[in-house]
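Each chain, written out:
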Amino acid sequence: MNGVGDNAAGKPAVIQTHDLGKVYSPGSEAEVIALHGVELSIARGEFVAIMGPSGSGKSTLMNLIGCLDTPTSGVYLCDGIDVASLDAEERAILRRDKIGFVFQGFNLLPRMSALENVAMPMGYANVHRGERLQRAQAALEAVGLGQRSNHRPSELSGGQQQRVAIARALINRPPILLADEPTGALDTRTGEEILALFKSLQADDHTVVLITHDPDVAAHADRTFVMRDGELHEQEAGA
């Protein structure tokens, strides 16, 4: 069993995998074993980093944790729900309700204001427009952008755009925040501000999973895992 580490004391796991595996083109000459025997347990309120070079399997693991893909073998429990028991529509609902995504490229819609970008996911949850806008404004204020709600992405700095993306990721109040290289397009100072925001979200009982290749970024997390050749290992504290 690859290193898992203990959960935060007394808190249930919101991400739990056992012997998780992913094989592409199984049985063919092009077969690729992307993940092998991954054991991972992350408790509610933890801040965890997953590191690894390109091709190590970390993106595959992120897609499985984010319910964007399904494993070939093993078990993944997302907030106690066995993802393998769900059909595609049920996985989409689980993804909407349990996981907020933050990406390196922000992925904001350019013709929408910050407020409209943040409010958009609630449309899929059938939230009334008035409540959508009210909650979106509160989310922007929570990330320090309440005064910029009517600005479009092109009128915002990179750090401000990432804050909008974080507000959008949190708008359906998911327990898990999955961030893929969230500081990769930002300068060092702005990146530090975004990482500090993640720490404040952790203090508010969000579980933050940070995918990165940068050890300086990973150092902000409480625990760091390293992907190597499709296997996951916990990095020793101080290593």
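My aim in this report is to walk through the structure given alongside it, one point at a time. Bear in mind that the values here come from a model prediction, so they are computed numbers and not experimental data.

Comments concerning the side chain of S56
Within the secondary structure, S56 sits in the loop between strand 3 (47–51) and helix 1 (58–65). Among the polar contacts made by the side chain of S56, one reaches the main-chain carbonyl oxygen of P53 at a distance of 2.8 Å. Apart from residues lying up to four places away in sequence, S56 is in contact with A34, M227, R228, D229 and G230.

Things to note about the pairing of strand 3
Counted residue by residue, strand 3 has five buried out of five residues, so it is predominantly covered. Across the two faces of strand 3 the burial is the same, with F47, A49 and M51 and V48 and I50 all buried. Where strand 3 and strand 8 (residues 207–212) come together, five bridges link them in parallel fashion. Paired with V48 across the strands is V209, a residue of strand 8. The sheet contact formed by strand 3 and strand 9 (residues 223–228) spans four bridges and is parallel. Each residue of the ladder has a partner; that of A49, found in strand 9, is T224.

Regarding the layout of surface pockets
When its volume is computed, the largest pocket comes out at roughly 410 Å³. In this structure, the largest pocket is lined by 15 residues; those nearest its centre are R96, I99, G100, F101 and P121. Only helix 2 (88–98), strand 6 (99–103), helix 3 (114–124) and helix 5 (158–170) provide two or more residues apiece to the lining of the largest pocket. Split into classes, the residues belonging to the lining of the largest pocket amount to nine nonpolar, three polar and three charged. Space inside the second largest pocket adds up to approximately 240 Å³. Taken together, R135, A138, A139, A142, V143, A167, L170, I171, R173, L201, D204 and H206 make up the full set of residues lining the second largest pocket. Contributions of two or more residues to the lining of the second largest pocket are made by helix 4 (129–142) and helix 5. A total of four residues in the lining of the second largest pocket trace back to one element, the largest contributor, which is helix 4.

Quick notes on the rules
- Residues numbered from 1 in each chain as written.
- Predicted model: local features only at pLDDT ≥ 70, side-chain atom pairs only at ≥ 80, totals over all residues.
- Heavy atoms only, no water.
- Helix = DSSP H or I, 4+ residues; strand = E, 2+ residues; numbered from the N terminus.
- Polar contact = N/O pair within 3.5 Å; in protein donor to acceptor, adjacent residues only side chain to side chain.
- Contact = heavy atoms within 4.5 Å.
- Buried < 20%, exposed > 50% of the residue type's maximum accessible area, 1.4 Å probe, protein only.
- Pairing = 2+ DSSP bridges.
- 1 Å grid on protein atoms, 1.4 Å probe; cavity = no way out; pocket = protein on both sides within 12 Å on 5 of 7 lines; lining within 4 Å.
- Points joined across faces, edges and corners; volume = space filled by probe spheres on them.
- Nonpolar A, V, L, I, M, F, W, Y, C, P; charged D, E, K, R; others polar.

Honestly, it's all geometry; don't read function into it.
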